[in-house]
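An overview of the molecular structure
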Amino acid sequence: MNGAQALIRTLASGGADVCFSNPGTSEMHFVAALDAVPQMRGVLCLYEGAATGAADGFGRMAGRPASALLHLGPGLANGLANLHNARRASTPLVAVVGDHATYHKRYDAPLESDIEALAGSASRWVRRCARSADVAADAADAVAAAMTPPGGIATLILPADVSWSEGAQPAPPRPARRPAPVRGDVLSAAAAAVRSEEPCVILLGGAGMMRPGLEAASRIASAAGVRLLGETFPARHERGAGIPAVDRLAYLAEFAMAQLDGTRHLILAGAREPVSFFAYPGKPSALVPEGCRVHALTGPGDDVPGALAALADVVAPDAKPEPQQPVRPALPGGDLTGESAAAVIGALLPEQAIISDEANTSGLWLPGATAGAPPHDWLALTGGAIGQGLPLATGAAIACPGRPVLALEADGSAMYTISALWTHAREDLDITTVIFSNRSYAILRMELDRVGAAAAGDASRSLLDLSRPDLDFTALATGMGVPASQATTAPDFAAQLQQALAEPGPHLIEAIIPPIG
Ligand SMILES: Cc1ncc(C[n+]2csc(CCOP(=O)(O)OP(=O)(O)O)c2C)c(N)n1
Ligand SMILES: [Mg+2]
């Protein structure tokens, strides 16, 4: 067996059995090995950012790594923005980066570059395979590294001759490390904070945004003075009717500061200490209010739901979680706006939907409109690098066949990785994409004022404007095999969304809406 076959067998038996791929010459033996190893599903992505984003979506929903196959340094570099988002999401992911044959590197051929340097920026683990006899052990180590709580990116650099040389054998999966339980003294300190009855916020993040963590947190919130908040951009938030609701910390620092105002104890459960997304002249970066004590109930790799349940058992042993009641907005009439589009989505959201949310400014009303919809998963833009949403939907749909996926996409962000639509069609994925076509980088128009940059001229305006020409998303989608329509009123949008959700396979609706503000 050659190195590539042993590698793929080892990845697949370790659970990394989908490979989102954009191959090149140095990966041809990897590609050929897919025929010999049917346990591995190769999925072609037409841009590396679409492959890494899909691997992120898969990992978030499957709880096990997908792999991404990338072509040397330039292929990895094209995939880095979504690897960055995956890193911030703590997604388990194995990136396989093909390289020149070991003996070819010294010739400095055109694609030669410093792969390790690029990989190091997003990976928690990087290894270069040296020999085909070792490649399977390297792959098993990569899967284990990716799965080590809370999850992260393992990058395996695969020279072409290691891939094509014989003498390899698959390796068995390594046992996964379990999340660490909360320490007694940490638990006592958090319990004392809750029992102080001083204003206390539990900031939830990571695994704390899933149902078991939310239910435990909801029990704790029955204690006097305790409020719950969620991190601004969760990797995966289970929400909807029957699940305890939690508001997320606002993106805008002034709103987040208002949410945290007066807090004396901030308990971190799977979340980092809150900071402003950007610096603004004269405004603070750290959002913890003055005089507030921070209690880290969990650190990276700790058992977040377990810690919350242990805290609930101490401070609220008899409390029951308080589930969100089912409630939906009425279908609106009239103009299509961010607000009326959100009401339509809230009214029609199907059971067990997965939402890939990159709606940006047009998404302001979505959390409220969908809070009481049937239970669903909400995947946010964890690392702030736009171009995540369409690929993330690819991976989520492949991880969860049978569940409807909604990609809620701002127009500017959609264009970064628009080729993901082709993979939606190629793999016949049940993804409904809604493009919020406000023909602008609306958030940057807002930020222009907020950072105090004096700009009102045509030159600056034109850099934040997506018209001249208008993007034709229905043409882009149909050109890649995705049936598409355009909506300009709320009832139009409702009818088109209803139809798209009723039919299997991918659809795209371009919702023409005005920019906010
Ligand atoms: C990879 C990357 N490049 C650039 C940016 C800067 N950026 C932030 S928002 C934005 C435009 C967003 O426009 P759109 O997606 O249409 O959303 P809208 O603001 O209109 O709601 C840009 C370019 C970024 N966040 N990430
Ligand atoms: Mg826009």
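Read on for a plain summary of the structure.

Quick notes on the rules
- Residues numbered from 1 in each chain as written.
- Chains lettered and ligands numbered in written order.
- Predicted model: local features only at pLDDT ≥ 70, side-chain atom pairs only at ≥ 80, totals over all residues.
- Heavy atoms only, no water.
- Helix = DSSP H or I, 4+ residues; strand = E, 2+ residues; numbered from the N terminus.
- Rg over C-alpha atoms; globule rule 2.2 N^0.38 Å.
- Buried < 20%, exposed > 50% of the residue type's maximum accessible area, 1.4 Å probe, protein only.
- Contact = heavy atoms within 4.5 Å.
- Areas by Shrake-Rupley, 256 points an atom, 1.4 Å probe, with all protein chains shown as cover.
- Lys, Arg positive; Asp, Glu negative; His and termini not counted.
- Charge placed at Lys NZ, Arg CZ, Asp CG, Glu CD.
- Salt bridge = Lys/Arg side-chain N within 4 Å of Asp/Glu carboxyl O.
- Polar contact = N/O pair within 3.5 Å; in protein donor to acceptor, adjacent residues only side chain to side chain.
- Donors = N, O, S within 2.8 Å, 3.2 Å for Na, K, Ca; no water.
- Pairing = 2+ DSSP bridges.
- Axes fitted to C-alpha atoms, helices over the stretch in contact; angles between N-to-C directions.

Concerning the overall build of the chain
For the chain, the count of helices and strands is 20 helices and 17 strands. Since a compact globule built from 517 residues should have a radius of gyration of about 24 Å, the 24 Å found for the chain is in line with a globular shape. The principal-axis extents of the C-alpha atoms in the chain amount to approximately 65 × 60 × 45 Å. Across the 517 residues that make up the chain, the buried fraction comes to 54%. For the chain, contacts bridging at least 24 residues in sequence account for 81% of all contacts bridging at least 6. Accessible area of the chain: about 20300 Å², with a carbon and sulfur share of 55%. Taking the 36 positively charged and 51 negatively charged side chains of the chain as two groups, their mean positions are separated by 6 Å.

Things to note about the side chain of E238
By secondary structure assignment, the location of E238 is in strand β9 (residues 237-239). Despite being buried, E238 has no salt bridge partner; R236 is the closest side chain of opposite charge, sitting 4.4 Å away. For E238, the side chain forms a polar contact with the main-chain nitrogen of R211, separated by 2.6 Å. Excluding residues within four positions of it along the chain, E238 makes contact with M209, M210, R211, P212, L214, I243, H376 and D377.

Observations regarding the coordination of the magnesium ion (ligand 2)
Protein-derived ligands of the magnesium ion (ligand 2) are D411 (OD), N438 (OD1) and S440 (O), with the metal-ligand distances lying across 2.1 Å. Read from N- to C-terminus, the donor residues coordinating the magnesium ion (ligand 2) fall into the pattern D-x26-N-x1-S. Assigned by exposure class, N438 and S440 land together as buried.

Brief notes about helix α9 (residues 211-220)
Residues separated by three or four positions in an α-helix point in the same direction, a consequence of the helix having 3.6 residues per turn. Most of α9 is tucked away: seven of the ten residues are buried. Residues of α9 that are buried sit in contact with α8 (184-195), β7 (200-204), β8 (226-230), β9 and α11 (304-315).

Considering the sheet that holds β9
Judged by pairing direction, the sheet is mixed, and its seven strands sit side by side in the order β9-β13-β12-β14-β15-β17-β16 without closing on themselves. Across the chains shown, the open sheet's two edge strands, defined by having one partner strand only, are β9 and β16 (484-487). Going across the sheet, the axis of each strand differs from the next one's by a mean of 20°, ignoring polarity. Bridge count between strand β14 (residues 405-410) and strand β15 (residues 431-437): six bridges; the pairing is parallel.

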